[in-house]
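# Examination of the molecular architecture
This is what each chain is made of:
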Amino acid sequence: MKKSSKKGAVPAGVAPAETTQPHGQIASKLKALYQAVENEPVPQHFLDLLHRLDEAEERPPE
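Here we come to the overall build of the protein. A tally of regular secondary structure across the protein gives two helices and zero strands. A total of 62 residues make up the protein; the buried ones form 6% of that total.

If you want it as structure tokens, here you go:
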């Protein structure tokens, strides 16, 4: 996660009004963190697991 070089800088996509109150600051930082996580690629081992689960669901029951 990238940190802003300016202390108290408003993250991209966050309204300045959201940062005027302490709760707004927390909300804006949580939104920025969520957006950063949302843009991360899915780990390969998780994709492999999903693929194996799909294959298991396609097999006829024994």
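Together, Asp54, Glu55, Glu57 and Glu58 give the surface a local cluster of negative charge. Within the secondary structure, Glu57 is located in helix 2 (residues 44-58).

This brings us to a nonpolar patch on the surface. A cluster of nonpolar residues, Val42, Phe46, Leu47, Leu49, Leu50 and Leu53, forms a patch on the protein surface that exposes about 490 Å² of accessible area. With respect to the helices and strands, the residue Val42 is situated in the loop between helix 1 (22-38) and helix 2. According to the relative accessible area criterion, Val42 is partly exposed, its value standing at 46%.

Here is what the cut-offs are and how they apply
Residues numbered from 1 in each chain as written. Predicted model: local features only at pLDDT ≥ 70, side-chain atom pairs only at ≥ 80, totals over all residues. Heavy atoms only, no water. Helix = DSSP H or I, 4+ residues; strand = E, 2+ residues; numbered from the N terminus. Buried < 20%, exposed > 50% of the residue type's maximum accessible area, 1.4 Å probe, protein only. Patch = residues over 30% accessible without salt bridge, like charges linked within 9 Å, V, L, I, M, F, W, Y side chains within 5 Å. Areas by Shrake-Rupley, 256 points an atom, 1.4 Å probe, with all protein chains shown as cover. Salt bridge = Lys/Arg side-chain N within 4 Å of Asp/Glu carboxyl O. Lys, Arg positive; Asp, Glu negative; His and termini not counted. Charge placed at Lys NZ, Arg CZ, Asp CG, Glu CD.

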